[in-house]
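In case you want the letters, here they are:
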Amino acid sequence: MKDAVNPTRRAFAGSAAAAGIAALFPWIKSTAQTGNNPRRIDVHHHFVPPAYAAFAKANNMSPGPVIGDRGGVGAPWDLTKDMDDMDKSGVAVAIQSITTPGFWYGKPDEVRKVMRDCNDFAAKLRADHPGRFGSFAAISLTDTDGALKEIEYSLDTLKADGIGLFSNYRDKWLGHESFAPVYQELNRRRAVVFVHPITGACCGNLVPGVADTLVDYGADTTRTIGSLIYSGTSGKYPDIRWIFSHGGGVMPFVIERFIGGSQAEIVPGIVTKGQDGAPPKNVPQGTLTEIRKMYFDTAQASNPVAMGALRQVVPVSQILFGTDYWYRTAAETAHGLTTCKVFSDAELRMINRGNAEKLLPKYKR
């Protein structure tokens, strides 16, 4: 795997190989052709450690995509294919995180062990392939003591880039008061927290034949953003740097409901108000101020509709490149961003890498 560390390896080594890639992926310009490797940092990138796969299987769960030729339920994650996908689209660094089904099932001691195994596995990948991988460490908010111990171990010993959470923990969204001890520690550390959607206990299989991922992932991301803001949690712990998946879900499309009032305008510096003309309870600076402090990735949202809406709500500085690998490829996300005509070249450089470098300075080059 030595050659997998070099982002300009095999596929781009010679003009013949580059031509072959261009034929397969006509929208991609290889580094051999342009000399302009975007060196992207992918903040939404999944992997499946063996311990997690075994844990899910033992509990009748299946981590893995159900998407066409990428495999059926539980299709295995493969490191070689992962790095090939990164190299083809100029992804220099992938910040890995655990995907669904998450950790809301299983016995507490068992969950602690599998999370530790997952975080150790991520650290080993990082050590084996210097500069190619980072990680958002797995914790469970339903186990406060376990979460605090894993935060200390992951951030201090393993040097993880941040913490990975899910949008809900069955009947509790991220603004729930029971999570306060964990947030106090994350705020003290000025931690980066990546949030991935998951279907809540409320909302599974609501419509026959309509997958939960189609609607509720975007809705639950929005629901938990609302939970954090309106509970006062995001304001109370201002030094937590939140990243939300998939362009913020449906948040950009319901922004008028967030800021209140049918005539509300989305303009820089506005102090958003509720329907009664006052800032919402627990949000003295206004909801838009809180939203604009958060970060949002491009995974499964790199189309002109989603990106156009998100850009109207938040500054480009808050948008991060994310692919949702291996549910989607880096090529698909890169193609969407470069053809959606929402961003200038300079802004694309910010999204591809610059914004992530500011959030995670150790990757600055």
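Residues numbered from 1 in each chain as written. Predicted model: local features only at pLDDT ≥ 70, side-chain atom pairs only at ≥ 80, totals over all residues. Heavy atoms only, no water.

Draft legend 1. View of the overall build of the chain. Across its full length, the chain carries 14 helices and eight strands. Taking contacts inside the chain between residues at least 6 apart in sequence as the whole, the part at least 24 apart equals 76%. (Helix = DSSP H or I, 4+ residues; strand = E, 2+ residues; numbered from the N terminus. Contact = heavy atoms within 4.5 Å.)

Draft legend 2. Broad picture of the packing of helix α6 (residues 144–157) against helix α7 (residues 180–188). For the pair α6 and α7, the least separation of the axes is 9 Å and the interaxial angle reads 15°. With respect to each other, α6 and α7 are oriented roughly parallel. When you trace α6 past α7, the crossing you get is right-handed. Contacts between α6 and α7 involve T144, A147, L148 and I151 from the first element and P181, V182, E185 and L186 from the second. Residue classes in the contact of α6 with α7 are distributed as six nonpolar, one polar and one charged. (Axes fitted to C-alpha atoms, helices over the stretch in contact; angles between N-to-C directions. Parallel < 35°, antiparallel > 145°, perpendicular 65-115°, else oblique. Left-handed = near helix turned anticlockwise from the far one by under 90°. Nonpolar A, V, L, I, M, F, W, Y, C, P; charged D, E, K, R; others polar.)

Draft legend 3. Structural detail: the confidence of the model for the chain. Per-residue confidence for the chain gives a mean pLDDT of 85; residues scoring 70 or more make up 81%. Residue range residues 1–35 is modelled with pLDDT below 50. Its contacts to residues more than four positions away, or to other chains, number 51 contacts. Residue range residues 66–74 is modelled with pLDDT below 50. Its contacts to residues more than four positions away, or to other chains, number 17 contacts. (pLDDT = per-residue confidence, 0-100.)

Draft legend 4. View of the sheet that holds strand β8 (residues 319–320). Read from one edge to the other, the open sheet built from eight strands follows the order β1-β2-β3-β4-β5-β6-β7-β8, with strand pairing classed as parallel. In this open sheet, the two edge strands, each paired with only one partner strand, are β1 (40–46) and β8. Here strand β5 (residues 192–196) pairs with strand β6 (residues 241–244) via four bridges, running parallel. For V192, the partnering residue across the bridge sits in β6 and is R241. (Pairing = 2+ DSSP bridges.)

Draft legend 5. Local environment of α7. Among the residues of α7, A180, V182, Y183, E185, L186 and N187 are the ones counted as buried. Of the surrounding elements, those touching the buried residues of α7 are α6, β4 (162–166), β5, α8 (212–230), α9 (233–236) and β6. Count one or two residues on from α7 and you reach R190, which has phi positive near 55°. (Buried < 20%, exposed > 50% of the residue type's maximum accessible area, 1.4 Å probe, protein only.)

Draft legend 6. The arrangement of the nonpolar core in detail. Ranked by size, the top nonpolar core spans 78 residues in total, and within it F103, Y183, W242 and F343 carry the most contacts. Of all the elements, helix α5 (residues 108–128) adds the most residues to this core, at six residues. In contact with F343, other than residues within four places in its own chain, are M307, R311, V316, I319, L337, L348 and I351. By size, the runner-up hydrophobic cluster in this structure holds 15 residues, among which are I41, V93, F136 and I243. (Core = buried A, V, L, I, M, F, W, Y, C linked by side-chain atoms within 4.5 Å.)

Draft legend 7. Quick look at the state of the cysteines. Taken as a whole and assessed by the stated rule, the structure comprises one disulfide. The disulfide partner of C202 is C203, and the S-S distance across this bridge is 2.2 Å. Its S-S torsion of approximately -90° makes the covalent link between C202 and C203 left-handed. You can call C203 buried: its relative accessible area is 10%. (Disulfide = S-S within 2.5 Å.)

Draft legend 8. The arrangement of the pattern of salt bridges in detail. Applying the stated rule across the entire model yields 17 salt bridges. Between E150 and R116 there is a salt bridge; the shortest N-O distance is 3.0 Å. Taken together, the residues span a long stretch of sequence, with E150 in helix α6 and R116 in helix α5 at a distance of 34 residues. For R188, the salt bridge identified is with E185, shortest N-O distance 2.8 Å. In this pair, R188 and E185 both sit in helix α7, three residues apart, roughly one turn of the helix. Judged by its relative accessible area of 18%, E185 is buried. (Salt bridge = Lys/Arg side-chain N within 4 Å of Asp/Glu carboxyl O.)

Draft legend 9. Expanded view of unusual backbone geometry. In this structure, P101 follows T100 across a cis peptide bond, with omega equal to 15°. If you trace the backbone, P101 turns up in the loop between β2 (91–97) and α5. The step from Y325 to W326 runs through a cis peptide bond, and the omega angle for that step is 10°. Positioned with a positive phi, K159 is a non-glycine residue whose angle comes to about 60°. Inspection of the secondary structure puts K159 in the loop between α6 and β4. Its relative accessible area of 49% is what places K159 among the partly exposed residues. Although it is not a glycine, N282 sits at a positive phi angle of roughly 75°. Along the chain, N282 falls in the loop between α10 (255–259) and α11 (287–291). Its relative accessible area of 42% is what places N282 among the partly exposed residues.

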